[in-house]
Amino acid sequence: MNFFKTFKKETIQIFEIDNLILKPISKNDIEQIRIWRNEQVSFLRQTNLINSDEQISYFNDIVYPNFVLEEPKMILLSIFDKISTDLIGYGGFVHIDWKNKTSEVSFLCDTSFMNNPKIYKSCFLNFMKIIIEIAREELQFKCLYSETFEFRKNHIKNLESLGYTQFGIKKNAKLKNGISYSSMLHQNKLSNV
Amino acid sequence: MYKRNLICFDIDGVLLDEEYWFAKRWENTFKKFDISEDCIKDFWVIFKKRGFIYKKHLDELSLNYPLINKYKKEIIQTFKRTIIKEKKIDNIKELLDYCSKDNYLSIISNGNYRIQYDRLKRSKILEYFDLIICDEIFKKPSAVPYQMTKFYYNTQELFYVGNEYTSDFIGAKSENFKTIFFNNQNVEYSENLIDYSIKNILDIKNLIN
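Below is a summary of the structure that appears in this document. Because the structure is a prediction, the values reported are computed rather than measured.

**Focus on the interface of chain A and chain B**
Then, in step 1: In this complex, chain A contributes 22 residues to the contact, which on the side of chain B involves 21 residues.
Then, in step 2: Taking both partners together, chain A and chain B bury about 1,700 Å²; carbon and sulfur atoms supply 58% of that area.
Then, in step 3: Applying the counting rule to chain A against chain B returns one salt bridge.
Then, in step 4: Residue Lys170(A) pairs with Asp130(B) through a salt bridge whose shortest N-O separation is 2.7 Å.
Then, in step 5: Here chain A and chain B share twelve residue pairs in polar contact (both at pLDDT 80 or more) between them.
Then, in step 6: Sorting the residues of the side of chain A that touches chain B by element identifies strand E4 (87-97), strand E6 (143-149), strand E7 (165-176) and strand E8 (179-189) of chain A as the ones contributing at least two each.
Then, in step 7: The element that contributes the greatest number of residues to the side of chain A that touches chain B is E7(A), accounting for seven residues.
Then, in step 8: Of the residues assigned to the side of chain A that touches chain B, the class counts are six nonpolar, eight polar and eight charged.
Then, in step 9: Judged from the three bridges that link them, E7(A) and strand E3 (residues 131-134) of chain B form a sheet pairing that is antiparallel. Paired with Lys170(A) across the bridge in E3(B) is Leu131(B).

Shown next as structure tokens:
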């Protein structure tokens, strides 16, 4: 597993595609990520707003200890614009199941992209191309999963354009403006199981 | 509202009658083709002998009726597209009404999600289920669909109700579900895999209390 060997030695492994660069998430990125998460709380499983201290604790206690594990539970990467070098989002593998070689994929981008479907789509699809390649080639994962609230119709279309198919539904997954919404569970087969 | 347990069901053979689903679709399919009565009669002999899940009914039938080969692809496509009025397992509505009062209900099935969702909806039992997982990649007996189910619930107990001894309970047991075997065929089983074996689906009412 080349990815983890370099990851564990703290060699900065960089993945590039078109206009994006992905790097292991660093402490410099986590405050901006916290702000985006709070702004987009209605799209996330997260229910409460998080403050700076909580964010730092979460990364120190939960995220960063994974960096030294042989089989981490999550691998999070920051996403940068190649030209401006600005941080524009983050995402990666969460709830990794090493035994069965599966993982959920998370993705969150700059809140300003949420109002521009073209930019959002480009960022998401390019991110996913790298993620799928890492999952298939570096990690030898067999399948990727995703959970999306039903009101994110464009995001679901984007997922399905990558070959994801719906395999489940969780009702009452999100309460938004007094209305209960379901989440759609999608999966993407990467290799024969 | 507080819910005590999660009760997770298989669909075929537990909620809906799987043999009826296959048989009725074959019956309706044959009506759309010019097939002799003798040929159809022989089909049902093979169906009874080999079982409803056997995928080579038509191949076997074509040994005596070679003309079947000519229309095989079309017949199979028609069969797959055929939608029938589903037959629920006896007393299933009564059970679901009872169980849903203070328990979450969910589904784990190996079938195609769109097809299974549609069948539950047309059977008017879809609304009982809080989570539906039809994993075609990690099929039972894999533990993956059970792990996913567990992720969403923090209940006193997790139950899994299935009727396929060889596929339903290995993953369930490895994820600490209490296993309920709807054993209406009186199959021999190991107590390592099965916590409760029942012949009447309504017996679940007593087990979850």
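**Details of the packing of helix H4 (residues 117-138) of chain A against helix H5 (residues 153-161) of chain A**
Residues and elements named next belong to chain A.
Then, in step 1: Contact geometry of H4 with H5 gives a least axis separation of 11 Å together with a crossing angle of 35 degrees. Of the two elements, H4 crosses H5, and the hand of that crossing is right-handed. Taken together, the residues of H5 that come into contact with H4 (itself represented by Pro117, Tyr120, Lys121, Phe124 and Leu125) are Asn154, His155, Asn158, Leu159 and Ser161.
Then, in step 2: Per-class residue counts for the contact of H4 with H5 are five nonpolar, four polar and one charged.

**Some thoughts on unusual backbone geometry**
Then, in step 1: At the junction of Lys140(B) and Pro141(B), the peptide bond is cis and its omega measures out at 15 degrees in the coordinates.
Then, in step 2: Counting through the fold element by element, Pro141(B) comes out in the loop between E3 and helix H7 (144-151).
Then, in step 3: Look at His95(A): it is not a glycine, yet its phi comes out positive at around 50 degrees.
Then, in step 4: Summarising the element assignment, His95(A) is placed in strand E4.
Then, in step 5: If you check the backbone angles, Lys101(A) has positive phi at about 60 degrees while not being a glycine.
Then, in step 6: Structurally, Lys101(A) is set in the loop between E4 and strand E5 (102-109).

Procedures and definitions
- Residues numbered from 1 in each chain as written.
- Chains lettered and ligands numbered in written order.
- Predicted model: local features only at pLDDT ≥ 70, side-chain atom pairs only at ≥ 80, totals over all residues.
- Heavy atoms only, no water.
- Contact = heavy atoms within 4.5 Å.
- Buried area = accessible area lost by both parts, 1.4 Å probe.
- Salt bridge = Lys/Arg side-chain N within 4 Å of Asp/Glu carboxyl O.
- Polar contact = N/O pair within 3.5 Å; in protein donor to acceptor, adjacent residues only side chain to side chain.
- Helix = DSSP H or I, 4+ residues; strand = E, 2+ residues; numbered from the N terminus.
- Nonpolar A, V, L, I, M, F, W, Y, C, P; charged D, E, K, R; others polar.
- Pairing = 2+ DSSP bridges.
- Axes fitted to C-alpha atoms, helices over the stretch in contact; angles between N-to-C directions.
- Left-handed = near helix turned anticlockwise from the far one by under 90°.

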